Amino acid sequence: SIKRLKVSAQFVFSMRPLSLPFLLSAWLGLANQPDSAVDGFTSEDREKMTESSEKHEFQAEVNRLMDIIINSLYTDKQVFVRELISNAADALEKARFMSVQDEAFLGDNKDLEIKVEYDDEGKTLSIIDSGIGMTKADLINNLGTVAKSGTTNFLEAIQDGADANLIGQFGVGFYAAFLVADKVTVTSKCNEDPKQHVWESSADASFTVTEDPRGNTLGRGTRVTLHLKEDAHEFLSEDKLKELTKKYSQFMQFPIYVKTKKEVEADVEEDDDDDDEEEDKDDAEVKEEEEEKKEDKQPGKKTVHEWEQVNTQKAIWLRQKEDVQEQEYNEFYKAISKDYLDPLSYTHFNAEGEIEFKSILFLPKKAPFDMMDNYWTKKSEVKLYVRRVLVAEKFEELLPRYLNFVRGVVDSDDLPLNVSREQLQQNKIMKVISKKLVRKTLELLKKLAKDESAEEEEEEGEDKEAAKDEDKKDDEETPWQKFYKEFAKNLKMGCYEDDSNRSKISKLLRFATTKSDGKEISLDQYLDNMKDNQESIYYMAGESKEVLEKSPSLQIFQKKGIEVLTLTDHLDESCIQKLADYEGKKFVSIQKADIKLEETEEEKKRFEKIKDMYKPLTDWWKEKLTDLTEKGALKDSGVKVESVQLSKRLVDSPCVVVTSQFGYSAHQEKIMRAQAFQNKDQLNMMAGRKTLEINPNHPVVHDLLEKIKQDKENSQAVDTATVLFQTAMIESGYDISDPSVLVKKVYAMMSKEVGVDPDAPMKEIEVPEEEEEAEDTADAEDEDDSDDSESDSKKEEL
């Protein structure tokens, strides 16, 4: 104010004398060009308003409150559109309520609507409604008393360290206008007041209220005009206003219009001549004049203003689902998701009880290409509405991360509208809504899965000949197969993260098995295929199904005909380990130690005898491997051997390496080693101690036993044991940090096989030049002789 006073004083002494009202207008920042009209007010109107205006003071804390609103409450300044349109909608709702009680309330202005327009020259943005309007007293009480429920108490709470989101309890939504405006003008007309009044403030601790010198221009309703700041001129755009209005108020029950400019061709009409003298002129002269006029008056273009409705999309979630057609659901999904495909499935429901809300949730057909790339930062795509006004377009707490692919809307009347997004995240009601949305989504997925199983049962009941005729139909994917192909990883992440819904998600999972011919089946189907005495669900993890089928750990299960889950996705094994059991059956990895299989008494007795027979070999082998991993060539590999024992799982292979029951499997070790920020110490600890299981029936193993009985220091036996261990590590899927030891052993064995001394020194081979030439000539003669012999043989055959 002091700066303005100085400027005004300089202006007075340097220029010609001016009227006091104009100086006051300039000081208050309300002056305009003499001939211009801003917000419909001319300079004369402004002078009259200044002379008759009543000045009121805000509460003393208003400056501090405005600072909090602008800097703390709203993270995005464009939410002023949401707040002001919501206020306008409330005013229209009150007007409609009054018209129900009094039919004459609406009078001649029966249209309940909201209009948005901007003035590019005056740098103003206006929102007009034909609602109930405000009297002079209403303007002073409702707009003049900032946060009328207790500004001082609120500011004291903020200073004491309370959550700034409590501001939602103090009714300050209107003041979001000062995020983009340095001055706000509110013109309002109410049926209870015969006069129209203007409220105006620059958020500088005061406001003015005066009678509108133009008279009743609104008829009924309110016009809020924002004099935009320099950094808010981006809102002086039709496209921007339509975008924001559609974003926040797309489903408002009252029509919202945005004033648009359009260029149309101007019709040039020729003047009609009714004079008798003109009619008597020569026809040739008339034609010449008409041609000259046409040349002078060519059709041009003119700018016209039209009101374009932006909220044409209807809020179909408010209707009964029986009344909504399939095509309407598809169009609605495309409108809110910007997807070009129809949804795969949807659920439409009304939640009642502790909180009431309406919702429609959609499952898309295709997953976004970056869905898992932004998994930890991506927010839910379900839009949150309060009384059809958008509160949050993307919400982190509305659905858990693993369901971030779900699209839809939630509309609740139980959430306060004039709150910031941050407060809604802490609202207890949101947790209730989230819980119900998760349950409804999982029920929708369960229904899709049930439909698939029902179709499979029908196909099994059909005759084989009929099935052959319908091969094309069988090749088509079911809706559940389409969904699982796109979003299987999400369900597995949900199984890992969501403790409360893990059992429900487990029924939706699908895995390939050793007997499913590449087809993924549910865990319920696995249980149906289990043998009568089978007590566990067996699984194994690896890079591909082809590699797993050749694993030595699988041999005994193939021999006994036991079905095993083959987990090839990186998330499968972690998901299974989180489940621990399913319908009372524990999950058991066949790639880990201490695996138990059904045995007869005779098999148990025989195994104990063989175990005693091979005890010298297992003890010797354990000692050699300990020296190799702790003192020898593999001391830096991180491999720790716990024991060497006879195996019950091997049929054809001589040996296999398995990890401890609670250690990482080979597949998990590969995944962990591939992490950019891996902790090697933690990895070595979690890798677990390895167990070498040997096949007592294999001839190589039996030969080793005979050799160490004769001589425990037999070098050939030591080399064989070392090579067997390292090859078993590779075949079981583990990495050996230093393969050079194994490579040297293999080269030495190959040398012995071909009769070459592996310790022979390397010599450079010298090739004489004369011998090479003689060899070349000899080779040429041999080729000629061979050609002659071939020709002779052909002649004999003929």
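Our subject is the structure that appears above.
This structure is a prediction, so every number in the text was calculated from the model and none was measured. (Residues numbered from 1 in each chain as written. Predicted model: local features only at pLDDT ≥ 70, side-chain atom pairs only at ≥ 80, totals over all residues. Heavy atoms only, no water.)

**Q** Before we go on, may I ask you to explain the sheet that holds strand β22 (residues 655–659) in this structure?
**A** Sheet strands pair via backbone hydrogen bonds, and the direction of the pair is either parallel or antiparallel. The strand order β21-β23-β22 describes an open sheet built from 3 strands, whose pairing is mixed. The open sheet has two free edges, formed respectively by β21 (641–646) and β22, since each of these has just one partner strand. Mean inter-strand twist for the sheet, computed between neighbouring axes without regard to direction, equals 20°. When β21 meets strand β23 (residues 690–694), the two strands line up parallel, connected through 5 bridges. Of the residues in β23, the one forming a bridge with leucine 646 is isoleucine 694. (Pairing = 2+ DSSP bridges. Helix = DSSP H or I, 4+ residues; strand = E, 2+ residues; numbered from the N terminus. Axes fitted to C-alpha atoms, helices over the stretch in contact; angles between N-to-C directions.)

**Q** Teacher, can you tell me more about the environment of alanine 541 here?
**A** Here alanine 541 lies in strand β17 (residues 536–541). Through-space distance from the C-alpha of alanine 541 to that of serine 665 is 8.0 Å; in sequence the pair is 124 residues apart. Excluding residues within four positions of it along the chain, alanine 541 makes contact with Leu548, Leu567, Glu573, Gln591 and His667. (Contact = heavy atoms within 4.5 Å.)

**Q** Sorry, what's going on with the packing of helix α27 (residues 715–731) against helix α28 (residues 740–753) here?
**A** Packed helix pairs are characterised by how far apart their axes lie and by the angle those axes make with each other. Running from N to C, α27 and α28 point in directions that differ by 125°, and their axes come no closer than 10 Å. If you check the angle between α27 and α28, you find them oblique. The way α27 lies across α28 gives a crossing that is left-handed. Note on element contacts: α28 touches α27 through Val741, Leu742, Lys745 and Met749, opposite Asp719, Val723, Gln726, Thr727 and Ile730. Each residue belonging to the contact of α27 with α28 can be placed in one class, and the counts come to 5 nonpolar, 2 polar and 2 charged. (Parallel < 35°, antiparallel > 145°, perpendicular 65-115°, else oblique. Left-handed = near helix turned anticlockwise from the far one by under 90°. Nonpolar A, V, L, I, M, F, W, Y, C, P; charged D, E, K, R; others polar.)

**Q** Mind showing me how you'd approach unusual backbone geometry here?
**A** Keep in mind that most residues, glycine aside, have a negative phi and that most peptide bonds are trans. Even without being glycine, lysine 338 reaches a positive phi, approximately 60°. Topologically, lysine 338 is positioned in the loop between α11 (326–337) and β10 (345–351). When its relative accessible area of 70% is taken as the criterion, lysine 338 is described as exposed. (Buried < 20%, exposed > 50% of the residue type's maximum accessible area, 1.4 Å probe, protein only.)

**Q** What am I meant to see in the sheet that holds strand β16 (residues 520–522) here?
**A** Pairing is mixed in the open sheet, where 6 strands are placed in the order β16-β15-β18-β17-β20-β19. Among the strands making up the open sheet, the edge pair consists of β16 and β19 (581–582). Relative to strand β18 (residues 565–567), β17 is paired through 3 bridges, and the arrangement is parallel. Each residue of the ladder has a partner; that of alanine 541, found in β18, is leucine 567.

**Q** Please explain the side chain of lysine 592 as it appears in this structure.
**A** Here lysine 592 lies in the loop between β20 (585–589) and α22 (601–613). Buried lysine 592, no salt bridge; nearest opposite-charge side chain is glutamate 573, N-O distance 5.0 Å. At a separation of 3.4 Å, a polar atom in the side chain of lysine 592 contacts the main-chain carbonyl oxygen of glutamine 661. Every residue in contact with lysine 592, bar those within four places of it in the chain, is listed here: Gln577, Arg649, Val658, Thr659, Ser660, Gln661, Gly663 and Ser665. (Lys, Arg positive; Asp, Glu negative; His and termini not counted. Salt bridge = Lys/Arg side-chain N within 4 Å of Asp/Glu carboxyl O. Polar contact = N/O pair within 3.5 Å; in protein donor to acceptor, adjacent residues only side chain to side chain.)

**Q** Even after reading the chapter, I still don't get the nonpolar core, so can you show me in this structure?
**A** A general feature of soluble globular proteins is that nonpolar side chains tend to end up buried together. Tyr538 and Phe557 are the most contacted members of the largest nonpolar core, which totals 71 residues. With sequence-adjacent residues up to four places away left out, phenylalanine 557 is seen in contact with Tyr538, Ile562, Val564, Ile590, Ile595 and Leu597. Within the second largest apolar cluster, 64 residues are counted, among which are Phe105, Leu112, Phe178 and Phe251. (Core = buried A, V, L, I, M, F, W, Y, C linked by side-chain atoms within 4.5 Å.)

**Q** Can you walk me through the packing of helix α23 (residues 615–630) against helix α26 (residues 699–710) in this structure?
**A** Two elements in contact, α23 and α26, have axes whose closest approach is 9 Å; the angle formed by their N-to-C orientations is 85°. Between α23 and α26, the interaxial angle falls into the category roughly perpendicular. Taking contact as the criterion, the partners of Pro616, Leu617, Trp620 and Trp621 in α23 are, on α26, Val701, Leu704, Leu705 and Ile708. Residue classes in the contact of α23 with α26 are distributed as 8 nonpolar, no polar and no charged.

**Q** I would appreciate a short explanation of the pairing of β23 in the present structure.
**A** Counted residue by residue, β23 has 5 buried out of 5 residues, so it is predominantly covered. Where burial is concerned, the two faces of β23 agree: the one with Lys690, Leu692 and Ile694 and the one with Thr691 and Glu693 are both buried. As judged from the 5 bridges shared by β22 and β23, these two strands associate in the antiparallel manner. Within the sheet, the bridge partner assigned to valine 658 lies in β23 and is threonine 691.

**Q** Is there a simple way to explain α26 in this structure?
**A** Three or four residues apart is the spacing at which side chains of an α-helix point the same way, because the helix has 3.6 residues per turn. The first and last C-alpha atoms of α26 sit 17 Å apart over 12 residues, in line with the 16 Å expected at 1.5 Å per residue. Restricting attention to buried positions, one finds in α26 the residues Val701, Leu704, Leu705, Lys707 and Ile708. Residues of α26 that are buried make contact with α22, α23, β23 and α27. (Expected span 1.5 Å × (residues − 1).)

**Q** What's the story with the pattern of salt bridges in this structure? I'm lost.
**A** Any two side chains of opposite charge can pair if their charged atoms end up close together. Applying the stated criterion across every chain yields a total of 31 salt bridges. Taking the shortest distance from any N to any O, the salt bridge between glutamate 93 and arginine 96 comes out at 2.9 Å. Placement of the pair is glutamate 93 and arginine 96 together in helix α5 (residues 80–101), with a separation of 3 residues, close to one helical turn. Arginine 96 gets classed as partly exposed once you look at its relative accessible area, which sits at 32%. Residue aspartate 342 is joined to lysine 334 by a salt bridge in which the shortest nitrogen-to-oxygen separation is 3.1 Å.

**Q** How should I be thinking about the environment of threonine 135 in this particular structure?
**A** Secondary-structure assignment places threonine 135 in the loop between β3 (124–129) and α6 (136–144). The exposure class assigned to threonine 135 is buried, which follows from its relative accessible area of 13%. For the pair threonine 135 and aspartate 193, spaced 58 residues apart in sequence, the C-alpha separation works out to 5.7 Å. If near-sequence neighbours (up to four positions away) are discounted, threonine 135 is found in contact with Cys190, Glu192 and Asp193. Among the polar contacts made by the side chain of threonine 135, one reaches the side chain of aspartate 138 at a distance of 3.1 Å.

**Q** Teacher, can you tell me more about the packing of aromatic side chains here?
**A** Geometry of an aromatic ring pair is reported as the spacing of the ring centres plus the angle between the planes. A complete count under the given rule lists 18 aromatic pairs for this structure. Here tryptophan 480 and tyrosine 484 contribute two aromatic rings whose centre-to-centre distance is 5.9 Å and whose plane-to-plane angle is 40°, an arrangement assigned as tilted. You can see tryptophan 480 and its partner tyrosine 484 sitting in helix α16 (residues 479–497), 4 residues apart, about one turn around the helix. Among the aromatic residues, those joined into a ring-pair cluster are Phe251, Trp317, Tyr329, Phe332, Tyr333, Tyr346, Phe362 and Tyr385. Directly above the ring of tryptophan 307 sits lysine 115, whose terminal nitrogen or CZ lies 4.8 Å from the centroid. Geometry around phenylalanine 607 places lysine 648 over its ring, the cationic atom sitting 4.8 Å from the centre. (Phe/Tyr/Trp six-rings, centres within 6.5 Å; stacked < 30°, edge-to-face > 60°. Lys NZ or Arg CZ within 6 Å of the ring centre and 35° of its normal.)

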